[in-house]
Amino acid sequence: MYIEEMLKILYDTVRDGGKAVLVSVMASSGSTPRGEGARMAVFPDGRIIGTVGGGRVEYLCAQKAAEALSGKGGVTAFYDLSPSDIYDTGMICGGKVEVCFRLFAPDDAGLLKTILASAERKDSRLITAVGAENVWIGLYDEENGVRFVPGLDGKTAAEHIDDRHSFETGGLTVFMEPLREKGRVYIFGGGHVCRELAPLLKRLEFSVTVLEERDVSEDAFYDGTRPVKCDFHDIGKTVDITPDDYVVVMTSGHAADYEILEQALRKNPSYAGVIGSRSKAAHTRQRLLEAGVDRDAVEALHTPIGLAIMAATPAEIAVSVSAELIEHRAKNR
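Quick look at the structure, then. (Residues numbered from 1 in each chain as written. Predicted model: local features only at pLDDT ≥ 70, side-chain atom pairs only at ≥ 80, totals over all residues. Heavy atoms only, no water.)

## Considerations on the nonpolar core
And step 1. Phe188, Ile235, Val239, Ile241, Val247, Val249 and Leu288 are the most contacted members of the largest nonpolar core, which has 23 residues in total.
And step 2. For this core, the elements supplying multiple residues, two or more each, are strand 11 (184-188), strand 14 (246-249), helix 7 (254-264), strand 15 (271-274) and helix 9 (295-299).
And step 3. Those residues in contact with Leu288 that sit more than four places away from it in its chain are Tyr258, Leu261, Glu262, Leu265, Val293, Val298 and Leu301.
And step 4. Ranked by size, the runner-up nonpolar core spans 22 residues in total, among them Met6, Ala20, Ile49 and Leu126. (Core = buried A, V, L, I, M, F, W, Y, C linked by side-chain atoms within 4.5 Å. Buried < 20%, exposed > 50% of the residue type's maximum accessible area, 1.4 Å probe, protein only. Helix = DSSP H or I, 4+ residues; strand = E, 2+ residues; numbered from the N terminus. Contact = heavy atoms within 4.5 Å.)

See below:
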C-alpha cells in the first residue's frame, strides 16, 4: 500500500475520533522481508493494514503497536534476523531491521490533513524521524523546507531528497520518501486481459486508468473499475502521458494498437508495452520507425508484453504483465 493511501486511512480514523499506530521500517541491512519504508497500521480492534514483512517479526510489531495504543512501550524496536535469533523471530533471513511506532490520535487530524494536501506537489517528501524518545512525521519541499520535524534543517533534507535509505543527523534517524509514487499505468483497451490486469495492478499498488473507445458494461470489472472513454485516434484529448508513466496497449485490434503506440511513444513514457505475437511485434516496430518515432523508444517497447512464463489465459497473461511492471518499477525507483 502506498503511503499516501495509508495516510488517508489514518486521517479518516483520527478525524472520526479514533486512533491507530503507524509501524514503519526505518532501517534494514542484510536479507530482510521488507526494506526501509515498509509500513503497516494497527488499530485498537486488532485490524492491520499494510505489512512490514509478515511472519514472527510482524507479529511482534503488532504486539508492540498494541502497547503503543495503550500509551505503553517505546517508540522503536530492533530485530536481528540472524540464525542465532531464530527462536525469537522465527525467521532465518539473516538481516537486521529497525522499526518505529507512531501513535496517531484525534489531535493529529490537522497534521495529516496538511501532509495529504502536500501530496499534489511533485517535490514533496514525507519525513519519518526517530529520536531518543519521539517519532516525528513531517514534510519537506523546496518552497517550505522542513515542517513538523524539529532538529532537521532544509539543507540537510535537500541533500537526501532522492535517497531510498535512512540517514543519521543531529541525533535523528531520518527516512524521506515521495508522498506520491511516480507513474500511472494507462491501459488502452478494456477487454478480457485488461479485466484481469487492472484489478491485479491496483492490488500491487499501481495507480491505474483504463481507457476504451467502446462502451463497456458497468459490471465488466469485478473490482468496479470504470473505463474512461477515449478517442484512440487522438489520445491527447483524454490523457497527458509523461516520462514517469506506464503505457499498456491491448485493444481489440492491431490498427488501434498501432495508432495508440504511434502517439504514446512520442511522449517518452517510462514503460510501454503492447500485447501480441512476435511477428506482430516486428511489423509494429518497423511501422513505428517508418513513421519517424524515435528509435530508442521503439527498441525499448516491450512486445510481446510481459515476462516469458508461458502464459495463455487472460489471468495468466495479467500475471505476466504485472510481473514485468513490478520489475520495471523496482529498477527505476
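Next, the rest of the story.
## Focus: the environment of Glu205
And step 1. Relative to the elements of secondary structure, Glu205 occurs in the loop between helix 6 (192-203) and strand 12 (207-212).
And step 2. The class for Glu205 is partly exposed, based on a relative accessible area of 24%.
And step 3. Each C-alpha atom, one on Glu205 and one on Leu307, is 19 Å from the other, the two residues being 102 residues apart in sequence.

## Let's talk about the pairing of strand 12
Every regular strand shows the same layout, with side chains that alternate between the two sheet faces.
And step 1. Most of strand 12 sits inside the fold, with five of its six residues counted as buried.
And step 2. As paired strands, strand 11 and strand 12 are joined by five bridges and run parallel to one another. Paired with Ile187 across the two strands is Val210, which belongs to strand 12.
And step 3. In terms of handedness, the path from strand 11 via helix 6 over to strand 12 forms a crossover that is right-handed.
And step 4. Relative to strand 13 (residues 228-229), strand 12 runs parallel, the two being bridged by two bridges. Considered in strand 13, the bridge of Glu212 is made with Lys229. (Pairing = 2+ DSSP bridges. Right-handed = clockwise from strand over helix to strand, strands pointing away.)

## What to know about helix 4 (residues 109-117)
And step 1. Burial in helix 4 covers these residues: Ala109, Leu111, Leu112, Ile115 and Leu116. The buried residues of helix 4 occupy an angular sector of 160° when the element is viewed end-on, so they sit on one face. When the buried face of helix 4 is taken as reference, the exposed residues oriented beyond 90 degrees from it are Lys113 and Ala117.
And step 2. In the core, the buried residues of helix 4 are packed alongside helix 1 (3-15), strand 5 (96-104), strand 6 (125-130) and strand 7 (135-141). (Arc of directions from axis to C-beta.)

## Description of the sheet that holds strand 14
And step 1. Spatially, the five strands line up as an open sheet ordered 13-12-11-14-15, and their pairing is parallel. Edge positions in the sheet fall to strand 13 and strand 15, since each of these pairs with one other strand and no more.
And step 2. Examined bridge by bridge, strand 14 and strand 15 share four bridges and lie parallel to one another. Following the sheet pairing, Val247 is matched in strand 15 by Ala272.
And step 3. Along the sheet, helix 7 contacts strand 11, strand 14 and strand 15; its crossing angle with strand 14, the most-contacted strand, is approximately 165°. (Axes fitted to C-alpha atoms, helices over the stretch in contact; angles between N-to-C directions.)

## Remarks on the pattern of salt bridges
And step 1. In total, this model carries 19 salt bridges according to the counting rule given.
And step 2. With a shortest N-O distance of 3.2 Å, Lys229 and Asp215 are connected by a salt bridge. Placement of Lys229 in strand 13 and of Asp215 in the loop between strand 12 and strand 13 is noted, with a sequence separation of 14 residues between them.
And step 3. Sharing partners across several salt bridges, the network here consists of Arg121, Asp123, Asp141, Glu143 and Arg147. (Salt bridge = Lys/Arg side-chain N within 4 Å of Asp/Glu carboxyl O.)

## Digging into unusual backbone geometry
And step 1. Here the amide bond leading from Thr303 into Pro304 is cis, since omega sits at -5°, within 30 degrees of zero.
And step 2. Secondary-structure assignment places Pro304 in the loop between helix 9 and helix 10 (314-331).
And step 3. Backbone geometry places Asn268, a non-glycine residue, at a positive phi of 55°.
And step 4. Summarising the element assignment, Asn268 is placed in the loop between helix 7 and strand 15.
And step 5. For Asn268, a relative accessible area of 46% corresponds to the partly exposed category.
And step 6. With a phi close to 60°, Met310 is a non-glycine residue in the positive phi region.

## What about the pairing of strand 11?
And step 1. Within strand 11, four of the five residues are buried, leaving the element largely enclosed by the surrounding structure.
And step 2. Pairing geometry for strand 11 and strand 14, over four bridges, is parallel. Within strand 14, the position partnered with Ile187 by the bridge is Val248.

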